[in-house]
Amino acid sequence: MTHRALRQAKRIVLKFGSSLIIDPSSGEARTAWLSTVAQDVALARSQGQQIVIVSSGAVALGRGALVLPAGKLKLEEKQAAAAAGQVRLMAAWGEAFAKHGIAVAQALVTPDDTERRRRWLNARATLDTLLACGAVPIVNENDTVATDELRYGDNDRLAARVGQMVGADSLILFSDVDGLYESDPRQNPSAPHIGEVREITDAIEAMAGGINQKAGVGSGGMRTKIEAARIATAAGCSVAIKDGFLDHPFRRLLEGGRSTWFIPAADRESARRAWLGHSLNPAGSFCVDAGAAKALKGGASLLSIGVTSVEGQFERGDAIAIKDASGRIVAHGVSAYSSSDALQILGRHSDEIEDILGYAGRPALVHRDDLVLA
């Protein structure tokens, strides 16, 4: 994907590093720059695009607010800084978007939220709902509760996981470099710039080895961006690395500013269907009647009214097979209900689910976005 095709993307994740968010001289947010980002996003939204922002900067803002010492922080100091800084970070983003009448929503996540399937489903549902409501989700790692043993440590890989989660067409990693070079351009000013990468080879990874973020408030580097690109492109999401320091960074990318694009081997839909159809081992199955089987072939979700029996024991978020009356597998998918709950609602209408289970669950046992025909 190039900057021209980016205009056709429906859902885009924008990641901004601390070195862009924070003014190093004051330790405060660069509010004027944030206003130009909000203006770019507002324009994209007016053209039908949905935007999710992954934003660093909380720890840096909190460090100043709590007057913590310079240098590497202890874990408990970093958690305290994150708690104090996240409020200030969201206030800065909120003020920037308020000028356009756009609500922002805070979403703090941990690796568990993107690695454990049930929590992944919950987080995805929340982000989908926020986008449907017209809000711009501002995602950050939950450093307040994260430990050194269980954290991403950089928002590049987090942004890639968020891109997977929301089914993004493109992920843009804005940083203080304008892409990948054959060697570190700060040491070799004549190093060739790489405009497009179609396969992340050992040679590409070697180029990233010595290209790290400038000394300052950031925690990422080129290597984490390459790792993020590997994660996102495997899900069919294109990735760009772009210098975002100047005003209107997103607009500059759309206009063809220098960057490096990582092109996925398959589009997002093909990658998702391959994962659903071939990479999941079913923990159980739903048997459906002829009407439901026909509806599935027409692109519908699987509703409880069409299910005749449940086989196996599984939890919400587990992979399942869907079988017709003859026992033939007609689809694979991800169940929105555990087997025990599914047994209680099979053959019933969706509007009866809350009365039966005591909670308002999903209207479908398997949503069409989590289903692929066999």
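Going by the structure above, here's the rest.
Residues numbered from 1 in each chain as written. Predicted model: local features only at pLDDT ≥ 70, side-chain atom pairs only at ≥ 80, totals over all residues. Heavy atoms only, no water.

Caption draft 1: Local environment of the sheet that holds strand β15 (residues 371–373). If you walk across this open sheet you meet the five strands as β12-β11-β13-β14-β15, and the pairing is mixed. Both edges of this open sheet fall to β12 (307–311) and β15, since each of them pairs with a single strand only. Neighbour to neighbour, the strand axes of the sheet diverge by 20° on average, direction disregarded. With four bridges joining them, strand β11 (residues 284–288) and strand β13 (residues 319–323) adopt parallel strand pairing. The residue bridging Cys287 from the neighbouring strand is Lys323, located in β13. (Pairing = 2+ DSSP bridges. Helix = DSSP H or I, 4+ residues; strand = E, 2+ residues; numbered from the N terminus. Axes fitted to C-alpha atoms, helices over the stretch in contact; angles between N-to-C directions.)

Caption draft 2: The arrangement of the packing of aromatic side chains in detail. For the coordinates displayed, the defined rule picks out five aromatic pairs. Ring geometry for Phe16 against Trp93: centres 5.9 Å apart, planes inclined by 45°, an arrangement best described as tilted. Residue Phe16 is located in strand β1 (residues 11–16), and its partner Trp93 is located in helix α5 (residues 75–98); the two are separated by 77 residues in the primary sequence. Residue class for Trp93 comes out buried when judged on its relative accessible area of 0%. Here Phe16 and Phe174 contribute two aromatic rings whose centre-to-centre distance is 5.0 Å and whose plane-to-plane angle is 5°, an arrangement assigned as stacked. Highlighted residues: Phe16 in strand β1 and Phe174 in strand β5 (residues 170–175), separated in sequence by 158 residues. For the pair shown, Phe16 and Phe174 are each scored as buried. Grouped by ring-pair contacts, the aromatic residues Phe16, Trp33, Trp93, Phe97 and Phe174 constitute a single cluster. Above the ring of Phe245, the side-chain terminus of Arg30 is found at 4.0 Å from the ring centroid. (Phe/Tyr/Trp six-rings, centres within 6.5 Å; stacked < 30°, edge-to-face > 60°. Buried < 20%, exposed > 50% of the residue type's maximum accessible area, 1.4 Å probe, protein only. Lys NZ or Arg CZ within 6 Å of the ring centre and 35° of its normal.)

Caption draft 3: Structural view of the packing of helix α4 (residues 58–65) against α5. One can describe the packing of α4 onto α5 by two numbers: an axis separation of 6 Å at closest approach and a directional angle of 100°. By the angle between their directions, the pair α4 and α5 is classed as roughly perpendicular. Mapping the contact onto sequence places Ala58, Val59, Leu61, Gly62, Arg63 and Ala65 in α4 and Lys78, Ala81, Ala82, Ala84, Gly85, Gln86, Arg88 and Leu89 in α5. For the contact of α4 with α5, the per-class residue count stands at eight nonpolar, three polar and three charged. (Parallel < 35°, antiparallel > 145°, perpendicular 65-115°, else oblique. Contact = heavy atoms within 4.5 Å. Nonpolar A, V, L, I, M, F, W, Y, C, P; charged D, E, K, R; others polar.)

Caption draft 4: Broad picture of helix α3 (residues 31–46). Helix length check: α3, at 16 residues, gives a terminal C-alpha distance of 22 Å against a target of 22 Å (1.5 Å per residue), a fit within 8%. In this fold, the buried residues of α3 make contact with β1, α2 (18–21), β2 (50–55), α5, β4 (136–141) and α11 (249–254). (Expected span 1.5 Å × (residues − 1).)

Caption draft 5: Representation of the pairing of strand β9 (residues 238–243). By the criterion of burial, β9 is predominantly enclosed, with five of the six residues buried. As paired strands, β5 and β9 are joined by six bridges and run parallel to one another. Bridging across to β9, Ser170 finds its partner in Ser238.

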